[in-house]
Amino acid sequence: MHEENDDILEQITSSEYKYGFVTDIEADEAPKGLSEDTVRFISAKKNEPVWMLEYRLKAYRHWLTMEEPKWPNVEYPPINYQDIIYYSAPKQKIAPDSLDDIDPELRKTFEKLGISLNEQKRLTGVAVDAVIDSVSVATTFKEELSKVGVIFCSMSEAIQDHPALIQKYLGSVVPATDNFFSALNAAVFSDGSFCFIPKGVRCPMELSTYFRINAANTGQFERTLIVAEDEAYVSYLEGCTAPMRDENQLHAAVVEIVAMEKAEVKYSTVQNWYPGDKEGKGGIYNFVTKRGICAGDHSKISWTQVETGSSITWKYPSVILKGDYSIGEFYSVAVTNNFQQADTGTKMVHLGKNTKSRIVSKGISAGKSQNSYRGLVSVAKNAGNARNFSQCDSLLLGDKCGAHTFPYIEVKNNTAVVEHEATTSKIGEDQIFYCNQRGIDTETAVALIVNGFAKEVMNQLPMEFAVEAQKLLAISLEGSVG
Amino acid sequence: MLKINNLQARIEEKEILKGINLDIKPGEIHAIMGPNGSGKSTLASVLAGRSDYEVTGGSVEFMGKDLLELSPEDRAKEGLFLAFQYPVEIPGVSTTNFIKSAVNEKRKYLGLEPLDAAQFLRNMKEKMKLVEIDQSLLSRSLNEGFSGGEKKRNEIFQMAMLEPKLAILDETDSGLDIDALRIVANGVNQLRSKDNAFLVVTHYQRLLDYIVPDFVHVLYKGRIVRSGTKELAKELEVKGYDFIKAEVDQELA
Ligand SMILES: Nc1ncnc2c1ncn2[C@@H]1O[C@H](COP(=O)(O)OP(=O)(O)OP(=O)(O)O)[C@@H](O)[C@H]1O
Ligand SMILES: [Mg+2]
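Before going into details, it helps to say that this report is about the structure given with it. Starting afresh in each chain, residues are numbered from 1 along the sequence in its written order. Lettering for chains starts from A, numbering for ligands starts from 1, and both go in the order in which the items are written. Given that the model is predicted, a residue must reach a pLDDT of at least 70 before its local features are reported, and side-chain atom pairs must reach 80 or more before they are shown or counted; all residues, however, enter totals for whole chains, interfaces and linings. Values reported for side chains reflect all heavy atoms of the structure, with hydrogen atoms and water molecules removed beforehand.

### Examining the overall build of chain A
Numbering of helices and strands runs from the N terminus; a helix is a DSSP stretch of H or I covering at least four residues, while a strand is a stretch of E covering at least two. On a plain count of helices and strands, chain A comes out with 11 helices and 23 strands. Partly exposed residues are those whose accessible area sits between 20% and 50% of the maximum for their type, while under 20% is buried and over 50% is exposed, using a 1.4 Å probe and protein chains only. Within the span of chain A, comprising 482 residues, buried residues form 63% of the whole. The contact definition used throughout considers only heavy atoms, calling two residues in contact when any of these lie within 4.5 Å. A separation threshold of at least 6 residues defines the contact pool for chain A, and within that pool the share at least 24 residues apart is 84%. In short, Shrake-Rupley with a 1.4 Å probe defines the accessible areas, and a residue's cover is counted only from the protein chains shown. A total of about 18400 Å² of accessible surface is found on chain A, and carbon and sulfur atoms cover 49% of it.

Here it is in structure tokens:
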């Protein structure tokens, strides 16, 4: 039985990564390695104002004093930071004035990924910022959005066109000094998205950023900033893919969200970076800092993530619940297969009164992978009547993988109610055989069970992406049964 | 429809089936009885294609095909159904959704269009009446937290939905109260036709009052040692297995 199962496992987990192609396009690159010169190079490339360069240099100097974190439950050989290219931009003949001027190769790349940069062929109600390697190549629906006062543009543009907003908010939630990777990002980030929803505006469409790594030996360091003023609402989606390469590539992003009074921001991620091959060779190191602050009373930030890619994931989308009655949510499905490692979870920091948080984490491990949930719920001394509910479920496929849960709870106010529930289950041979006996083959059975397991989180995704994400789950796990 | 010829199987070096011969024709009901551990569930599992068991000899023909060559799911889609002695629980997957997948997988195999939601529901309503199963049970996760009797009834419900050619019921009567027993038997009888057949594993003659078998076989130590009509079951009810055991053990000695 075991032998046979391993066969099926081998067979089906070998399903190819669909987005592994490389676009052959001329790129404008920084020389390999990291120094103050690299930072200056990037800043100059982007024609940045002095304050931005200063910000970067300060971050870089701080980074030099820091050490890579060793506490995550992941293993990888030391990263040589001098062996990475920190800036790579596809050479476009001219900076495109309109969407029609985009290099056809780039347009094709995104079309292959299912992202249309053509507004006529758009996904209904979704505006896209498309980022390839270090730069944003196009943002759709800018005009339509600006009519209602929503700013949606690349970070580079925002630095030029909205310096006051950037100076006010950049680093306000995740300071450069926060951690090793956020410092690195602050020093060398090259692009990303900026999104500003003014007071009282409900953003009329889904906003999304699609990140694509293309060039070899480069790192991707993008920066996203979302600000929702009083009573504003936005739903934001992030997707990502990368070519298949034998070397590991570093992705160290920072996402910051600010929600003012009664504002609501919903941030969804479908993360599908190249996970490496079956032997664990290659793949993206996904070291990301995501944090939002519920700055105003009655505000709400909700993170939903479906994590299927990357060889290593290190990421804890968090919410600082500063405003009274604010709400933080974290819904996560993390899938690891083959040799993937994930250490992911959230931090809910209750500072205001009557704040609420909800954590639903579903970890699915297959192959020889390791999947850890790491979460912190903290309630400050003055945060009266804080409520938290955490549900952490693990599903194991086969017996060579691991699931781990590290919940940390720090409560300094005795009116707090913090609940934590955890379960671990395994897809058993008996369950698979039962399905087989009803005419359902093993692949379909696994998809059925996994989607059932992850349902509560998948239901949180915007409709347009839920189906896609469901398929992705099934593909990432095909056949991993034991 | 089903021809088992000298079937032998083992699990982890232990011989369990030691040469089973059985011939089932369309329209027939066969009952298999026998002491605990004699190999009844093993026979059912081997026929369904459970891979823990290694077939070491013999052959099985099902609907003109070599059954042992088919994957478990293809056996199912060819029309073989096993009502499990111990149905498993699958959390997170609703019973309705599960059955819908099963029905549509089978239709796909047969080259038919999948049923749309409305057709499926109509079909389900009809079959629900047949086995008197409640809607609320079907919207719950498959078998999760079901009582023993509810699980068994759910097996029969699935059988009704899938309309198999050959249904193997492994102790579906165990753990059922009198009313449930009658309902399950009733369901079987209504599904019975000249084109399908049943292989009913049971310990109790009582079930055979409701589902009247054409043949009764006694399985002992991995062989069918006696075959007869429903009278054989009545005889066993009175005398127990001892007399057969004694005879067989003597023959073997
Ligand atoms: N995994 C296994 N390893 C070793 N022996 C096994 C295994 N599975 C079954 N057996 C043995 O095979 C024999 C036949 O078991 P089986 O379940 O077919 O009996 P049964 O006739 O269905 O009994 P019951 O009436 O109790 O349901 C038993 O002796 C049992 O212990
Ligand atoms: Mg049995």
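### Observations regarding the overall build of chain B
Counting secondary structure elements, chain B contains 10 helices and 12 strands. For 253 residues, the compact-globule formula gives about 18 Å, and the C-alpha radius of gyration of chain B, at 18 Å, lands near that figure. Taking the principal axes of the C-alpha coordinates as reference, chain B spans close to 60 × 40 × 35 Å. Out of the 253 residues belonging to chain B, those deemed buried represent 53%. Taking the intrachain contacts of chain B between residues at least 6 apart in sequence as the baseline, contacts between residues at least 24 apart amount to 69%. Accessible surface, chain B: about 11300 Å² in total, of which carbon and sulfur atoms supply 48%. Side-chain charges of chain B comprise 34 positive and 39 negative groups, with the mean position of each set lying 2 Å from the other. Here the globule rule reads 2.2 Å times residues to the power 0.38, and the radius of gyration is calculated from C-alpha atoms. Only four residue types enter the tally: Lys and Arg on the positive side, Asp and Glu on the negative side; His and the chain ends are excluded. Charge positions come from single atoms, namely NZ of Lys, CZ of Arg, CG of Asp or CD of Glu.

### A word on the site of ligand 1
Residues and elements named next belong to chain B. When at least one non-hydrogen atom of a residue lies within 4 Å of a molecule or strand, that residue is treated as near it. Of all residues adjacent to ligand 1, which total 14 residues, the nearest are Ile16, Gly37, Lys40, Ser41 and Thr42. Pairs of N or O atoms within 3.5 Å make up the polar contacts considered here, provided that, within protein, one atom can donate a hydrogen while the other can accept it, and that residues adjacent in sequence are counted only when both atoms are side-chain atoms. One nitrogen or oxygen atom from the side chain of Thr42 is found 2.5 Å from an oxygen atom belonging to ligand 1. Surface burial for ligand 1 is 67%, taken as the share of its 650 Å² of free accessible area covered by protein chains. Where the shell around ligand 1 is concerned, the elements lending two or more residues are β2 (14-24) and α1 (40-48). Among the elements that line the shell around ligand 1, the one with the most residues is α1, at 3 residues. Polar here means any residue outside two lists: the nonpolar Ala, Val, Leu, Ile, Met, Phe, Trp, Tyr, Cys and Pro, and the charged Asp, Glu, Lys and Arg; Gly therefore counts as polar. Considered class by class, the residues forming the shell around ligand 1 number 2 nonpolar, 8 polar and 4 charged.

### Concerning the sheet that holds strand β3 (residues 29-33) of chain B
Sheet strands pair via backbone hydrogen bonds, and the direction of the pair is either parallel or antiparallel. All names here are of chain B. Spatial ordering of the open sheet is given by β6-β9-β10-β3-β11-β12, a layout of 6 strands whose pairing is mixed. Where the open sheet ends on each side, the last strands, each with one partner, are β6 (80-83) and β12 (223-228). Across the sheet, the mean angle from the axis of one strand to that of its neighbour is 20°, orientation sign disregarded. Here, a strand pair is defined by DSSP locating no fewer than two bridges between the strands. In this analysis, axes come from line fits to C-alpha atoms, helices being fitted only over the stretch in contact, and the angle between any two N-to-C directions falls in the range 0 to 180 degrees.

### Considerations on the coordination of the magnesium ion (ligand 2)
Each metal's donors are the N, O and S atoms within 2.8 Å of it, or within 3.2 Å when it is Na, K or Ca, and because water is not part of the set, sites may look incomplete. Note on the magnesium ion (ligand 2): its protein donors are Ser41 of chain B (OG) and Gln85 of chain B (OE1). The metal-donor distances range over 2.0 to 2.3 Å. Of this pair, Ser41 of chain B sits in helix α1 while Gln85 of chain B sits in the loop between β6 and β7 (90-94), placing them 44 residues apart in sequence.

### So, empty space enclosed by the protein
Residues and elements named next belong to chain A. Using only the protein atoms, space was sampled on a 1 Å grid; points where a 1.4 Å probe fits but cannot get out form cavities, open sets with protein on both sides within 12 Å along at least five of seven lines form pockets, and lining residues are those with an atom within 4 Å of a point. Grid points are joined across faces, edges and corners, and a volume is the space filled by probe spheres set on the points. Under the criterion given, the structure shown has 5 cavities of 30 Å³ or more. Reported here for the largest cavity is a volume of approximately 110 Å³. If you go around the largest cavity, you meet 18 residues; those closest to its centre are Ser361, Gly363, Asn371, Ser372 and Tyr373. Broken down by secondary-structure element, the contributors of at least two residues to the lining of the largest cavity are β17 (327-336), β18 (341-350), β19 (356-365), β20 (370-379), β21 (387-396) and β22 (402-411).

### Notes on a nonpolar patch on the surface
The patches reported here contain residues having more than 30% relative accessible area and no salt bridge. Joining distances are 9 Å for like charges and 5 Å for nonpolar side chains (Val, Leu, Ile, Met, Phe, Trp, Tyr). Whenever Lys or Arg places a side-chain nitrogen within 4 Å of a carboxyl oxygen from Asp or Glu, that contact is recorded as a salt bridge. Together, Tyr109, Leu110 and Leu112 of chain B make up an exposed nonpolar region whose accessible area comes to about 270 Å². With respect to the element layout, Leu110 of chain B can be found in the loop between α3 (95-109) and α4 (117-130).

### A look at the environment of Val131 of chain B
Residue and element names in this part refer to chain B. One can find Val131 in the loop between α4 and α5 (135-138). Counting along the chain gives 54 residues from Val131 to Ala185, while the straight-line C-alpha distance between them is 9.1 Å. Aside from chain neighbours lying at most four places away, what touches Val131 is Arg153, Ile156, Phe157 and Ile183.

### Points about helix α9 (residues 429-437) of chain A
With 8 of 9 residues buried, α9 of chain A lies mostly within the body of the structure. Looking at α9 of chain A, one finds that the buried residues are Glu429, Gln431, Ile432, Phe433, Tyr434, Cys435, Asn436 and Gln437 of chain A.

### Here we look at the side chain of Gln431 of chain A
By the element assignment, Gln431 of chain A lies in helix α9. The buried category is assigned to Gln431 of chain A, whose relative accessible area is 11%. Residues in contact with Gln431 of chain A, not counting those within four places in the same chain, are Lys426 and Ile449 of chain A together with Val88, Glu89, Ile90 and Pro91 of chain B.

### What to know about the packing of α4 of chain B against helix α6 (residues 148-162) of chain B
Residue and element names in this part refer to chain B. Two elements in contact, α4 and α6, have axes whose closest approach is 10 Å; the angle formed by their N-to-C orientations is 130°. Our classification of the angle between α4 and α6 gives oblique. Crossing geometry of α4 relative to α6 is assigned as right-handed. Residues Phe120, Asn123, Met124, Lys127, Met128 and Leu130 of α4 touch α6, and the partners they reach there are Phe157, Ala160 and Met161. Comment on the angle field: the value is read as roughly parallel under 35 degrees, roughly antiparallel over 145, roughly perpendicular from 65 to 115, and oblique elsewhere. Crossings are assigned a handedness: left-handed for a near helix turned anticlockwise from the far helix by less than a right angle, right-handed for a clockwise turn.

### Focus on the interface of chain B and chain A
Of the residues lining the interface, 30 residues belong to chain B; the matching set on chain A comes to 19 residues. Summed over both partners, the accessible surface that disappears when two parts come together, traced with a 1.4 Å probe, is what is meant by buried area. Taken together, both faces of the contact between chain B and chain A bury some 2200 Å²; the carbon and sulfur share is 63%. Per-residue buried area on chain B facing chain A is highest for Arg50, Glu73 and Phe84 of chain B; these three make up 22% of the total on that side. Inspection of the chain B/chain A interface yields 2 salt bridges. Taking the shortest distance from any N to any O, the salt bridge between Arg50 of chain B and Asp430 of chain A comes out at 2.4 Å. Counting the contacts that link chain B with chain A gives 10 residue pairs in polar contact (both at pLDDT 80 or more).

### Focus on the sheet that holds strand β5 (residues 65-66) of chain B
Residue and element names in this part refer to chain B. Taken in spatial order, the 4 strands of this open sheet run β2-β1-β4-β5, and their pairing is antiparallel. Edge positions in the open sheet fall to β2 and β5, since each of these has one partner strand only. As paired elements, strand β4 (residues 54-62) and β5 share 2 bridges and run antiparallel to each other. By the bridge assignment, Phe62 is partnered in β5 with Lys65. Where α1 meets the sheet, it contacts β1 (2-11), β2 and β4, and its direction lies at approximately 110° from that of β1.

### A few points about the packing of helix α3 (residues 50-64) of chain A against helix α8 (residues 180-188) of chain A
Residue and element names in this part refer to chain A. Remark: α3 packs on α8, axes separated minimally by 7 Å, with the N-to-C direction vectors making an angle of 145°. As for the relative orientation of α3 and α8, their crossing is left-handed in sense. Across the interface between the two elements, Tyr55, Arg56, Ala59, Tyr60 and Trp63 from α3 touch Phe180, Ala183, Leu184, Ala186, Ala187 and Val188 from α8. Here the contact of α3 with α8 is built from residues that sort into 10 nonpolar, no polar and 1 charged.

### A look at unusual backbone geometry
Residues and elements named next belong to chain A. Here Asn47, not a glycine, exhibits a phi torsion of approximately 55°, which is positive. Although it is not a glycine, Asn385 sits at a positive phi angle of roughly 55°. Its place among the elements puts Asn385 in the loop between β20 and β21.

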